[in-house]
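Given next are the chains, with one letter for each unit.
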Amino acid sequence: MDVDVDHYVVLGLPSGEEGAKLSVDDIRKLYRSKALELHPDKRPGDKQALADFQKLQSSYEILKDEKARKLFDDLLRVKREQQRRKEELDSKRGSKRRKMVSDLEERERAAFAPDPDVKAREDEERIARKLREEIARIRAMHTNKGVNVGSNMRKESAGVGKESMSSAGAAAVNKEKVLKVSWEKVGKDYTAEELRELFSKFGEVEDVVIKSSKKKGSALVVMATKDGAVAATGTVSGHLSNPLLVLPLQPPIVAETPIVPPESAEPDKLNNLVGAGYAAFEDSVLMKLRKAAEKQK
């Protein structure tokens, strides 16, 4: 269960009070390093690789969420206090002051004082329950966006040279809404946030995935609608010092209108000769042919 896992330890981070002081950037940097190390592509044949990677992703999702992380830090603090009290109590019971501690516990119970251990267990259960609710909220949020754990993993590990759309995410995206953006690495470079701001002028931007090399930068921009993608194509130019080349990943399919030849202004007279009319016309022609033959004789 997620509430029983030390998510700091999963990411290779210091736990306890030291872990609570880490910034989101510190967590992100160490996560990316760990993600690159545990990536299933680097562990072929290891049946545990995917499970380890999903566990790493789940822990990162909790620690990068402000509300879920605070609940998790509170849960760790309560557990540390429980452990400290237990160690102190064990130490006292092993000393000459065992009877004094026993008398003190009896006086506390006689005065209806709340039992610290009971209160600690109640606090732990309360915080664990809230943490489970936050974890369920985070998972539901990602489910509604149509992004599974694998696609999130690939997007987060993009900063260490593994940026690419997952096969599951790419299959669900309409290619007519995806734009290919490229630029030279000679002037102003672009970040995902800057590209999102540029393209948001033409409609909602669902995602931006950077794919860069040393000499050339490129990205895939997923617009929310086909109209937004069409409007942005050939319109977004970027900075003057380093203009953008914007092309559709798949040009929209335009249905060809069949060319219908114009009808003749004068329809074939023979087409109008049907039934008895056609027979009369045929007799007239034969009669003219006979007369021509008689004249020749």
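As the structure is a prediction and not an experimental result, all values here were calculated from the model.

It should be kept in mind that the predicted coordinates are not to be read in detail where pLDDT is low. Per-residue pLDDT for the chain has a mean of 77; in total, 77% of the residues score no lower than 70. Every residue in residues 160-171 is under pLDDT 50, and counting partners more than four places away or in other chains gives 23 contacts. Confidence drops under a pLDDT of 50 for residues 264-268, and excluding neighbours within four residues, the segment shows 0 contacts in the predicted structure.

Looking now at the pattern of salt bridges. Under the counting rule described, the total for this entry stands at 17 salt bridges. A salt bridge links Lys70 to Asp74; the nearest nitrogen and oxygen atoms lie 3.4 Å apart. One end of the pair is Lys70 and the other is Asp74, both in helix 5 (residues 66-93) and 4 residues apart, which spans about a single turn. Between Asp74 and Arg77 there is a salt bridge; the shortest N-O distance is 3.9 Å. Here the residue Asp74 and the residue Arg77 both occupy positions in helix 5, the gap between them amounting to 3 residues, near one helical turn.

This brings us to the packing of helix 5 against helix 7 (residues 116-144). At their nearest, the axes of helix 5 and helix 7 sit 9 Å apart, and the two run at 155° to each other. What the angle tells us is that helix 5 and helix 7 run roughly antiparallel. For the pair helix 5 and helix 7, the crossing hand works out as left-handed. Of the residues in helix 7, those in contact with Lys67, Ala68, Leu71, Phe72, Asp74, Leu75, Val78, Lys79, Gln82 and Arg85 of helix 5 are Pro116, Asp117, Ala120, Arg121, Asp123, Glu124, Ile127, Ala128, Lys130, Leu131, Glu134 and Ile138.

Here the focus is the pairing of strand 2 (residues 205-212). Across 7 bridges, strand 2 lies against strand 3 (residues 216-223) in antiparallel orientation. Pairing of Lys211 across the sheet is with Ser218, part of strand 3. The turn joining strand 2 and strand 3, which pair antiparallel and follow one another in sequence, is formed by 3 residues.

What follows deals with helix 3 (residues 24-38). Here helix 3 spans 21 Å end to end across 15 residues, near enough to the 21 Å set by a 1.5 Å rise per residue. Where helix 3 is concerned, the buried positions are Ile27, Tyr31, Ala35 and Leu38. Looking straight down helix 3, one finds that the buried residues subtend no more than 70° of arc, so they occupy a single side. In helix 3, those exposed residues whose orientation departs by more than 90 degrees from the buried face are Lys29 and Glu37.

Procedures and definitions
- Residues numbered from 1 in each chain as written.
- Predicted model: local features only at pLDDT ≥ 70, side-chain atom pairs only at ≥ 80, totals over all residues.
- Heavy atoms only, no water.
- pLDDT = per-residue confidence, 0-100.
- Contact = heavy atoms within 4.5 Å.
- Salt bridge = Lys/Arg side-chain N within 4 Å of Asp/Glu carboxyl O.
- Helix = DSSP H or I, 4+ residues; strand = E, 2+ residues; numbered from the N terminus.
- Axes fitted to C-alpha atoms, helices over the stretch in contact; angles between N-to-C directions.
- Parallel < 35°, antiparallel > 145°, perpendicular 65-115°, else oblique.
- Left-handed = near helix turned anticlockwise from the far one by under 90°.
- Pairing = 2+ DSSP bridges.
- Expected span 1.5 Å × (residues − 1).
- Buried < 20%, exposed > 50% of the residue type's maximum accessible area, 1.4 Å probe, protein only.
- Arc of directions from axis to C-beta.

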